[in-house]
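Spelled out, the chains give:
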Amino acid sequence: MRQQVKIKKVLNNNVVIAEHPSYEEVVLIGKGIGFNRKAEDDISFDKADKTFLLSNEKEKEQYVNLLPYVDERLIDFMNDVLVHIETRMGQELNQHIHVALTDHLAFAINRAKKNMQFSNPFLLEIESLYPKEYQIAMEVVTMIYDEMGIQFPEGEVGFIALHIHSAVTDKTLREINRHNQLISRLVSIVEDTMDVTIDKNSVDYHRLVQHLHRAIDRVYQSESLGDEIKLANMLKQEYPVCYNLAWKLIKVMQKQLNKPVDESEVIYLTIHLQRLTHKS
C-alpha cells in the first residue's frame, strides 16, 4: 500500500511541506506535486521525486522564504542537480544543501544574467583541496548551461564545490572559508619569506596545500604525526631556513585556530617547503 501523507503547506507547484508519521515535517519535491492542491489534502509519498527533512527551524524558515523569489524551473531542476551530486559523491548529502545551494544558484543565475563578473580568490586552493567536489561542481555548471543557457564564470565552480564539500562533511561554509583563508595566508607567508612566486599549478604546491588542510583537520581531531626528534634535528641542521619557516607557519596556525598544533607537524612542513622552494 502506498503511504499517504497530509499536506501542511503548498510552497509552489513543485514543492509541498507534508506531515509524516515518523519524521514530522518533510519537504516533498516533484514536478507538479503542488499543482491544484491545498493544506490538509492527502498525497501519496511516492509522488515525490525527492524528499528531505528540514529539522532545523531556521533553515526551514529560510527555505520557505526563499522559494517565492526562485524560478520554479530552478526548483524542479535542483532535484536533478542534487541527485547528480549525491550519485557522483557516492553518499547522502547533509539536508542543509537544499537551502544553501538553491539560494546560491538563484543569486548566481541573476548575477550571470546581469553579466556581473567577479573572481574567486581561493579558486586554485579549492581545486587542490577538494578535487572531486571541484570536478562535480564543473559538471553542475554544465548541467545549468544545458538546461537554462546560463554561462557561469569560473569562480562559481569554486563556490559550488565548497557547498558540495560542506554537504558531505557537515562543516559550515563559514568554517571551510576560514580554513581556506588561513591556508592562503600561510602560502603568502612562504612566498614573502622565501622571496619566491610559487607555481600554483605545480604538484609540490598541491601537496603543500593538501598537507596544510590535513594539518588543520588534525588540530581539531587532536591527532599527532608521531615523535621524530632525530629527524627534526637533522632537518633543522640541513634546512634551517625551511625549518624556521615551518615553525613560523605553525605559530600562525595556532593563533588563527586558537588551538595547539602538534610539534611533529614542523617535520613534514619542512620537507614540503624544501621541495617547493628548491624547485621554485
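Our subject in this report is the structure included herewith. All chains use their own residue numbering, which begins from 1 and follows the written sequence. Local features in this predicted model are restricted to residues whose pLDDT is 70 or higher, and side-chain atom pairs enter the listing and the counts only when it is 80 or higher, whereas totals over whole chains, interfaces and linings include all residues. Side-chain metrics in this entry use all non-hydrogen atoms of the structure; hydrogen atoms and water are not considered.

Thoughts on the packing of helix α7 (residues 173-194) against helix α10 (residues 240-257)
Reasoning step 1: In contact at an axis separation of 10 Å, α7 and α10 are set at 150 degrees when each is read in the N-to-C sense. The pairing of α7 with α10 is recorded here as roughly antiparallel in orientation. In this structure, α7 crosses over α10, and the sense of that crossing is right-handed. Between α7 and α10, the contacting residues are H179, L182, R185, L186, I189, V190, T193 and M194 on the first element and V241, C242, L245, K248, L249, V252, M253, Q256 and L257 on the second. Angles run from 0 to 180 degrees between N-to-C directions of axes, and those axes are lines fitted to C-alpha atoms, restricted for helices to the stretch in contact. Secondary structure counts use DSSP, requiring at least four H or I residues in a row for a helix and at least two E residues in a row for a strand, with both numbered from the N terminus. Any angle that falls under 35 degrees is termed roughly parallel, while one over 145 is termed roughly antiparallel, one within 65 to 115 roughly perpendicular, and all others oblique. Handedness of a helix crossing follows the sense of rotation of the near helix relative to the far helix, less than a right angle counterclockwise being left-handed and clockwise being right-handed. Note on definitions: a residue-residue contact is assigned when non-hydrogen atoms from the two residues lie within 4.5 Å.

Structural notes on the nonpolar core
Reasoning step 1: We call a set of buried Ala, Val, Leu, Ile, Met, Phe, Trp, Tyr and Cys residues a nonpolar core when their side-chain atoms join them within 4.5 Å. In this scheme, a residue with accessible area under 20% of its type's maximum is buried, one over 50% is exposed, and one in between is partly exposed, where area comes from a 1.4 Å probe on protein chains only. With 83 residues, the main nonpolar core has Y63, I85, L101, F152 and I160 as its most contacted residues.
Reasoning step 2: For this core, the element with the highest residue contribution is α10, accounting for nine residues.
Reasoning step 3: Beyond its immediate sequence surroundings of up to four residues, L101 is in contact with M78, V81, L82, I85, I160 and H163.
Reasoning step 4: In terms of nonpolar packing, the next biggest core, distinct from the first, is built from nine residues, V5, V16, L28 and A48 among them.

Points about empty space enclosed by the protein
Reasoning step 1: Method remark: on a 1 Å grid restricted to protein atoms, a set of points is classed as a cavity if a 1.4 Å probe fits but cannot get out and as a pocket if it is open with protein on both sides within 12 Å along at least five of seven lines; lining residues have an atom within 4 Å of a point. Grid points are joined across faces, edges and corners, and a volume is the space filled by probe spheres set on the points. By the definition in use, this model includes one cavity of 30 Å³ or more.
Reasoning step 2: When its volume is computed, the largest cavity comes out at roughly 50 Å³.
Reasoning step 3: If you list the elements that add at least two residues to the lining of the largest cavity, you get α2 (72-89) and α3 (97-113).
Reasoning step 4: With four residues, the top contributor of residues to the lining of the largest cavity is α2.
Reasoning step 5: The nonpolar class holds Ala, Val, Leu, Ile, Met, Phe, Trp, Tyr, Cys and Pro. Asp, Glu, Lys and Arg form the charged class, and all remaining residues, Gly among them, are polar. Split by residue class, the lining of the largest cavity holds five nonpolar, three polar and no charged.

Some details on the pattern of salt bridges
Think of it this way: side chains of opposite charge can pair up when their charged atoms draw near.
Reasoning step 1: Each reported salt bridge corresponds to a side-chain nitrogen of Lys or Arg within 4 Å of a carboxyl oxygen of Asp or Glu. Applying the stated criterion across every chain yields a total of nine salt bridges.
Reasoning step 2: For the salt bridge of E156 with R111, the shortest nitrogen-to-oxygen distance reads 2.8 Å. Here E156, found in helix α6 (residues 154-169), pairs with R111, found in helix α3; they are 45 residues apart in sequence, far enough to count as distant.
Reasoning step 3: E156 sits in the buried class, given a relative accessible area of 1%.
Reasoning step 4: With its nearest N and O atoms 3.1 Å apart, the salt bridge here joins K200 to E191.
Reasoning step 5: Residue K200 is classed as partly exposed on the basis of its relative accessible area, which comes to 22%.

Overview of the pairing of strand β3 (residues 24-29)
Reasoning step 1: Most of β3 is tucked away, with five of its six residues classed as buried.
Reasoning step 2: When DSSP locates at least two bridges between a pair of strands, those strands are taken to pair. Pairing between strand β2 (residues 15-20) and β3: six bridges, direction antiparallel. Counted as the bridge partner of I17 is V27 from β3.
Reasoning step 3: Taken together, the three bridges between β3 and strand β5 (residues 50-52) define a ladder with antiparallel strand orientation. Within β5, the residue paired with I29 across the bridge is K50.

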